[in-house]
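Spelled out from the first residue to the last, the chains are:
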Amino acid sequence: MAAKKTTKSDKSELIEALDIIEKEKQISKEVIIEAIENSLLAACKNQFGKSENIRVNINRETGEVKVFAVKEVVDDDDLEDEATQMGITEAILVHDKTEIGDTVEVEVTPKNFGRIAAQKAKQVVVQKIREEERKVLYVQYLEKEREVITGIVQRYSGKNICVNLGKVDAILMESEQVKGEHFKPTEHIKLYVVEVKDTTKGPRITVSRSHPEFVKRLFEEEVTEIQDGTVEIRSIAREAGSRTKMAVSTENPNVDAIGACVGINGSRVNAIVEELRGEKIDIINWSDSPAVLIENALSPSKVISVEADEEEKTAKVVVPQDQLSLAIGKEGQNARLAAKLTGYKIDIKCE
């Protein structure tokens with residue numbers, strides 16, 4: 001005789017609800033059913049005093065809940081605990097081919113178990129939906145870690161800014177802001193995702209506009225040659241809101257690395273400067289020669305000579321008299337950024 005096919009009308013409200021949840025929320029029905037079974041197993045402890053030998057089964061098609069007890073078959077005279085043992089005579093009535101020492105499974109579903117199951121199911125479903133939605137959000141935003149994301153300014157909270165990133169909010173801390181930047185509510189701003197952490201309240205996202213990698217990622221978005229690997233950003237140094245120095249290189253002799261980053265009539269670099277609210281950007285050619293790299297890094301100043309000590313990571317630089325203040329820069333900024341960019345301690349002297 002063919003097995004009866006389960007129709008929609010045979011399904012319980014629970015199974016129908018789980019089908020909808022699986023479809024709409026992408027949460028596995030099996031995961032939720034297993035969680036309900038485990039929850040009901042804990043409830044069996046109140047009912048039977050123990051749950052070690054109890055198994056709860058929810059029919060995946062009809063939603064019917066049954067409780068089974070696993071019992072050891074013993075000689076009728078040795079029967080001591082009816083909760084975990086069954087006499088051989090009774091066991092043969094349940095399973096005819098049974099011997100002493102076997103285990104048998106007996107249905108022990110309590111009369112009021114349907115009501116308990118419904119309550120537990122509701123609690124588990126709500127909890128699982130929250131957990132899975134949190135997990136999905138976390139994975140979704142974890143993929144954006146160390147990338148640039150667009151957010152909408154919500155409000156200021158003291159000196160921190162609350163920014164909506166789509167499905168979650170992030171706080172742009174004062175320490176990660178650029179001095180002098182001010183935003184209005186509903187304004188769209190770009191942010192660098194520093195870190196994504198999983199918490200019980202959902203993903204906690206650390207964002208920044210002052211991070212050096214923020215500028216690097218903006219160039220990667222804007223410059224096709226960086227995206228395809230033709231041009232590589234080798235080093236970057238930034239004083240957020242004021243100036244960034246960036247060293248680039250290419251293995252392709254037909255490509256101008258600096259020109260690719262600047263764009264036609266400065267279109268590419270200007271788009272990034274606009275996003276950074278006027279921050280100046282110096283783009284230089286990378287060199288494996290420390291002396292050449294340091295000379296390039298001190299741009300726009302002219303350099304007469306560079307003596308670099310690779311072991312000590314120090315360099316002595318000589319510049320023309322009229323270039324000294326340019327080489328050092330306002331409040332020492334040019335020399336400071338050149339040192340960050342190259343990794344060398346630079347001592348600048350005029351000829």
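Residues numbered from 1 in each chain as written. Predicted model: local features only at pLDDT ≥ 70, side-chain atom pairs only at ≥ 80, totals over all residues. Heavy atoms only, no water.

Section: the packing of helix 1 (residues 13-25) against helix 2 (residues 29-48)
So, step 1. Close contact between helix 1 and helix 2 brings their axes to 9 Å; oriented N to C, the two are set at 135°. When the axis of helix 1 is compared with that of helix 2, the two are oblique. Only Lys29, Ile32, Ile33 and Ile36 of helix 2 make contact with helix 1, whose side of the interface consists of Leu14, Ile15, Leu18, Asp19, Ile21 and Glu22.
So, step 2. Of the residues contributing to the contact of helix 1 with helix 2, the split by class is seven nonpolar, no polar and three charged. (Axes fitted to C-alpha atoms, helices over the stretch in contact; angles between N-to-C directions. Helix = DSSP H or I, 4+ residues; strand = E, 2+ residues; numbered from the N terminus. Parallel < 35°, antiparallel > 145°, perpendicular 65-115°, else oblique. Contact = heavy atoms within 4.5 Å. Nonpolar A, V, L, I, M, F, W, Y, C, P; charged D, E, K, R; others polar.)

Some points on the pairing of strand 9 (residues 202-208)
So, step 1. Counting buried positions over the seven residues of strand 9 gives five, a clear majority of the element.
So, step 2. Bridge count for strand 8 (residues 188-199) against strand 9 is seven bridges, and the pairing is antiparallel. The partner of Glu195 across the bridge, within strand 9, is Thr206.
So, step 3. Count of turn residues in the strand 8/strand 9 antiparallel hairpin: two residues. (Buried < 20%, exposed > 50% of the residue type's maximum accessible area, 1.4 Å probe, protein only. Pairing = 2+ DSSP bridges.)

A word on the nonpolar core
So, step 1. Residues Ile21, Ile32, Ile36, Leu40, Val65, Phe113 and Val125 are the most contacted members of the largest nonpolar core, which totals 24 residues.
So, step 2. When contributions to this core are tallied by element, the ones reaching two or more residues are helix 1, helix 2, strand 1 (54-58), strand 2 (65-74) and helix 4 (113-142).
So, step 3. The residues contacting Ile36, other than those within four sequence positions of it, are Leu14, Ile58, Ala121, Val124 and Val125. (Core = buried A, V, L, I, M, F, W, Y, C linked by side-chain atoms within 4.5 Å.)

Some thoughts on the packing of helix 2 against helix 4
So, step 1. Interhelical geometry of helix 2 versus helix 4 gives an angle of 135° and a closest axis separation of 9 Å. Judged by the angle between their axes, helix 2 and helix 4 are oblique. Crossing handedness for the pair helix 2 and helix 4: right-handed. Residue-level inspection shows Val31, Ile32, Ala35, Ile36, Ser39, Leu40, Ala43, Cys44 and Gln47 of helix 2 in contact with helix 4, the latter providing Phe113, Ile116, Ala117, Lys120, Ala121, Val124, Val125 and Lys128.
So, step 2. Here the residues of the contact of helix 2 with helix 4 are counted per class, giving 13 nonpolar, two polar and two charged. (Left-handed = near helix turned anticlockwise from the far one by under 90°.)

Details of the environment of Ala327
So, step 1. Mapped onto the elements of the fold, Ala327 is located in helix 10 (residues 324-328).
So, step 2. Taking relative accessible area as the criterion, Ala327 reaches 0% and is therefore assigned buried.
So, step 3. A sequence separation of 32 residues divides Ala327 from Glu295, and the C-alpha atoms of the two residues are 9.9 Å apart.
So, step 4. Those residues in contact with Ala327 that sit more than four places away from it in its chain are Leu298, Ser301, Val319, Asn334, Ala335 and Ile348.

Details of the sheet that holds strand 15 (residues 345-350)
So, step 1. Strand order across the open sheet formed by three strands is 13-14-15, with mixed pairing between neighbours. Among the strands making up the open sheet, the edge pair consists of strand 13 (305-309) and strand 15. Between one strand axis and the next, the sheet turns by 15° as a mean value, whatever way the strands run.
So, step 2. The pairing of strand 14 (residues 314-319) with strand 15 spans six bridges and is parallel. Looking at strand 15, one finds that Lys316 is bridged to Asp347.
So, step 3. Its contacts with the sheet put helix 9 (residues 290-297) on strand 13, strand 14 and strand 15, and the angle it makes with strand 13 is roughly 125°.

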